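Read off the chains here:
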Amino acid sequence: MSIAAFLAFGLSACSGSMVADNMCAGLTHDAPIEVASQGAVPSEPDMGAALGNMMLRVIEGEQAPEPATAPTRRAAPPRRTVQLNLLALSTGGQYGAFASGFLAGWTKAGTRPDFNVVTGASAGGIIAPVVFAGAAFDDRLRLNTGVGDRDLVRARGLFELLGANALYDVKPLEARVRAAIDAELIEAIAARWKAENELVIGATNIDTGRFSLLDVGLFAAKEDVPLAVKRDCLTEAVLATSAIPGFFPPRRINGQLYTDAGVREHIFLDGIERGLREGANLLNVDLRVNAYLIINDDLRVREVETGTKLSDLAERNIDLIIDEGLRSSLLRTVEVAERAGWRLRAVKAPDFEELGCDETDEIFSACVTRALYARGEALAMSGNITWKGPREVRAAALEF
């Protein structure tokens, strides 16, 4: 990331958001503006309560019916087993095309599960609504595929940067996202939510400095919100989760600025696990959780000859910080899965060198996104998916 990007990010507090303040009420689980402005610690209790309620709904939706013969007054209610499928889509920029291809191929192979819970951050958050809506929308997974910078962004001119809030204008990306989030997709998301499934994507609240949840499923199902408003707000949610700081403008939702989830979290299953544990205790059930993780990164730290200019050094350091953040999130995900007794199964994007694409300075390369989609699709359709368990995920996160 260049120094110009940082300067561009700090020059303005505006955003490219299309929604008015409080227009998307109920979309974010965050601290109210007036509470945050008084210096109170925001959001964590509210976010925890929200996640607890979400996971309680999910468990109730998968519970088996009560036995035909009621237990005697002295007998304890029977303890039942509930099986859930979770999907976590990691951050990863252009590597999100790997998840798109893998999920499309998984459908074609006939082995893709129905997911009770779908989470996504940044690159994963872009396609999470499409995945949650169901396999009928797999054609929209190509939203991030075969695209380069000119398909998604427009570089600002020097004088334009003086009043800008990011290095790039993302109108092309915004148009692609908005086209994908039409009435049909919103209605499908709402139907899945009403069937007691949950879709949450992450973003970072710049004002509070904290990670936030965007409750896309709930918002899509709101009966008192016009369809046009839903479309605007859900488009903003997707653009917020993927708003690479400095490069893409932050998004204003309900009066506060949001940026890329990866600033704070690359994968967020900690709160999901707590909510499920509390819900299981409350409902007296045993949980069997299949947690599927798609890692949209090759986890390779490539050696480069770093220039001595400030911009070169800044860009390299930020690359390493992002890499470390993803590795830390992977290690925490393994800890969560092992603590909860989940069955963790992960796949990872192939190494860059395997894609047959040239190195470029682009944020998105059409060659890379096309190759990643093809490799993900082929892996899922091969009938021989080599899933990574906790040990392999931990090893990948620790490998340098």
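Please refer to the structure higher up on the page.
Figured I'd write up the structure that's included with this text. As the structure is a computational prediction, the values presented were derived from the model and not from experiment.

**Here's the deal with helix α8 (residues 171-180)**
At step 1: If you check which residues of α8 are buried, you get Leu173, Glu174, Val177 and Ala180. Down the axis of α8, the buried side of the element spans an arc of 125°, and every buried residue falls inside it. Turned more than 90 degrees away from the buried face of α8 sit Lys171 and Ala179, all of them exposed.
At step 2: The secondary structure elements touched by the buried residues of α8 are α6 (149-152), α9 (183-194), α11 (227-241) and β8 (251-253).

**Observations regarding the pairing of strand β2 (residues 80-89)**
At step 1: Counting buried positions along β2 yields eight of 10 residues, so the element is predominantly enclosed.
At step 2: Relative to strand β10 (residues 285-295), β2 runs parallel, the two being bridged by 10 bridges. Each bridged residue has a counterpart across the sheet, and for Arg80 the counterpart in β10 is Val285.
At step 3: As judged from the four bridges shared by β2 and strand β3 (residues 117-121), these two strands associate in the parallel manner. Bridged to Leu89 within β3 is Gly120.

**Points about the pattern of salt bridges**
At step 1: For the structure shown, the criterion picks out 19 salt bridges.
At step 2: Residues Glu184 and Arg140 are paired through a salt bridge, measuring 3.4 Å at the closest nitrogen-oxygen approach. Taken together, the residues span a long stretch of sequence, with Glu184 in helix α9 and Arg140 in the loop between α5 (123-133) and α6 at a distance of 44 residues.
At step 3: For Arg140, a relative accessible area of 16% translates into the label buried.
At step 4: In this structure, Lys194 and Glu223 form a salt bridge, with 2.8 Å as the shortest nitrogen-oxygen distance. Of this pair, Lys194 sits in helix α9 while Glu223 sits in the loop between α10 (216-220) and α11, and the two are 29 residues apart along the sequence.

Here is what the cut-offs are and how they apply
Residues numbered from 1 in each chain as written. Predicted model: local features only at pLDDT ≥ 70, side-chain atom pairs only at ≥ 80, totals over all residues. Heavy atoms only, no water. Buried < 20%, exposed > 50% of the residue type's maximum accessible area, 1.4 Å probe, protein only. Helix = DSSP H or I, 4+ residues; strand = E, 2+ residues; numbered from the N terminus. Arc of directions from axis to C-beta. Contact = heavy atoms within 4.5 Å. Pairing = 2+ DSSP bridges. Salt bridge = Lys/Arg side-chain N within 4 Å of Asp/Glu carboxyl O.

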